[in-house]
Amino acid sequence: MPSFSHDGLVRLFQDRPELAVELLRDVLGIEVPAYTETRIASIDATDIEPASRYADLVVLLVDDSPVLGLVVEVQLDVDDDKLVRWPAYLTNLRSRLRCQVELLVVTPSRRVARWAAQPIPVGRGAIHPVVLGPDGVPLVADHGAARRDPEMAVLSALAHGRGEIEAAVTVAAAALAAVAAYPTTARCYAPTW
């Protein structure tokens, strides 16, 4: 069963799906195809077999038709079952959308990031998850930047809040200031930290 921390992190991407694209492109340096729209797509990765498979979130980039399906998975701990599920998510989504698909794993843990970054063997090839761990999250310490991008500020607070005390306080204050104007959003994000 997903935790409040898990659901809070997923909510960051639900509230602003473009965040997943920015992390992929701007933070991790992964090229994305040209697109005109970002949408949330169905998280159902079920095939015709009776077993249901649900990704945390699917972000769909569209340019008249889908150009990239981005499976966003928040991973708080090592779960070897995901090494079987993630390839199914990708292949089922690719089959349904008929476009390129990627897997973005977001984790606040360095240990989980190392585990998730390992290639997943499939046939003679492998799936290479794109992983964003705490070391890859940009530091948001400016209150103005935090107000402009509260989701990134919350990610930053999660990633950097356990480090240096001064940085943690600055980032946490910026993140709190960013979401304070949106009480509903603030309640959703607060359990993540």
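The structure reproduced in this document is the subject of the present report. (Residues numbered from 1 in each chain as written. Predicted model: local features only at pLDDT ≥ 70, side-chain atom pairs only at ≥ 80, totals over all residues. Heavy atoms only, no water.)

With that settled, consider the overall build of the chain. Helices and strands together make up the secondary structure of the chain, namely eight helices and seven strands. Long-range pairs, those at least 24 residues apart, make up 60% of the contacts in the chain between residues at least 6 apart in sequence. Carbon together with sulfur atoms contributes 53% to the accessible area of the chain, which is approximately 10000 Å² in total. (Helix = DSSP H or I, 4+ residues; strand = E, 2+ residues; numbered from the N terminus. Contact = heavy atoms within 4.5 Å. Areas by Shrake-Rupley, 256 points an atom, 1.4 Å probe, with all protein chains shown as cover.)

Our next topic: the sheet that holds strand β1 (residues 37-41). One open sheet holds the five strands; their spatial order is β1-β2-β3-β4-β7, and the pairing between them is mixed. Either end of the sheet is taken by a strand with one partner, and the two such strands are β1 and β7 (130-132). Put simply, the sheet's adjacent strands are angled 25° from each other on average, direction ignored. Strand direction decides the pairing type here: strand β2 (residues 57-63) and strand β3 (residues 65-74), joined by seven bridges, are antiparallel. (Pairing = 2+ DSSP bridges. Axes fitted to C-alpha atoms, helices over the stretch in contact; angles between N-to-C directions.)

This part is about the packing of helix α1 (residues 4-15) against helix α6 (residues 150-160). As a packed pair, α1 and α6 sit with axes 10 Å apart at the nearest point and diverge in direction by 155°. For the element pair α1 / α6, the angle class is roughly antiparallel. Taken as a pair, α1 and α6 cross one another with a handedness that is left-handed. Side by side, α1 and α6 meet where Leu-9, Leu-12, Phe-13 and Asp-15 of the first sit next to Glu-151, Val-154, Leu-155 and Leu-158 of the second. In the contact of α1 with α6, the residues fall into six nonpolar, no polar and two charged. (Parallel < 35°, antiparallel > 145°, perpendicular 65-115°, else oblique. Left-handed = near helix turned anticlockwise from the far one by under 90°. Nonpolar A, V, L, I, M, F, W, Y, C, P; charged D, E, K, R; others polar.)

Mapped onto the fold, Leu-24 is located in helix α2 (residues 18-27). Setting aside residues no more than four positions away along its own chain, Leu-24 makes contact with Gly-29, Ile-30, Val-32, Leu-68, Leu-70 and Val-130.

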